[in-house]
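# Summary of structural features
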Amino acid sequence: MPRPSTGTPSPAWTDPDCPVARTLDLVGDRWSLLVVRDAMDGARSFTEFQQRTGIARNILTDRLRKLTAHGVLTQQTAPSGRRLQYVLTDVGRDLFPVLLTLRQWGERHAFEPGEAHSTLVDRQGARVPDIRPTGADGALLDADTTHVQKTGGERQR
């Protein structure tokens, strides 16, 4: 992923000190996350992404370029050897909990009671449990029990 130089932060960042803002700058538009969602669900070709999302070809081209440039996707030769396919990198797979949390929020708040929607299940067919962040002591965390703290200039590992 692109990182600002050690000097002045890149003007491309909406808020150079905020990890949420930087993440949204990289993958926060609707189409990028839907492409990542579909890659997690097995889509590999331009045509598959286009058919699954209904996205315009020029926008899809732009998003695939951006996601590839930022290391979310990589291009590999398809097994047939005739075309390139898009595959999630480890960086892209790291977005799974983000998409899961968005999905679960949507299941709770974006549908009317009883309205049909998809649900994510594990290998045994059981619904994936809700993600609930916990602190080091095991207590549930939320906006009332956390706060933002700036770190030093050196990169944390």
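Heads up: the structure comes first, above all this text.
The sections below set out a description of the structure shown in this document. (Residues numbered from 1 in each chain as written. Predicted model: local features only at pLDDT ≥ 70, side-chain atom pairs only at ≥ 80, totals over all residues. Heavy atoms only, no water.)

Helix and strand content of the chain: 6 helices and 2 strands. Starting at the N terminus, the α and β elements of the chain follow one another as α-α-α-α-β-β-α-α. Looking at the chain as a whole, 25% of its 157 residues are labelled buried. Expressed as a percentage of contacts within the chain between residues at least 6 apart in sequence, the contacts between residues at least 24 apart total 37%. Within the structure as shown, the chain displays about 11,500 Å² of accessible surface, and the carbon and sulfur contribution to it stands at 52%. (Helix = DSSP H or I, 4+ residues; strand = E, 2+ residues; numbered from the N terminus. Buried < 20%, exposed > 50% of the residue type's maximum accessible area, 1.4 Å probe, protein only. Contact = heavy atoms within 4.5 Å. Areas by Shrake-Rupley, 256 points an atom, 1.4 Å probe, with all protein chains shown as cover.)

Counting residues in hydrophobic clusters, the biggest one holds 21 residues, and the most contacted among them are F49, L64 and L73. Only α1 (19-27), α2 (30-40), α3 (46-53), α4 (57-69) and β2 (84-88) provide two or more residues apiece to this core. Counting residues per element, this core draws most heavily on α2, at 5 residues. Other than its neighbours up to four places away in sequence, F49 contacts V35, D38, A39, A43, R44, G54, I55, L60, L64 and Y86. (Core = buried A, V, L, I, M, F, W, Y, C linked by side-chain atoms within 4.5 Å.)

So yeah, pure geometry; function would need other evidence.
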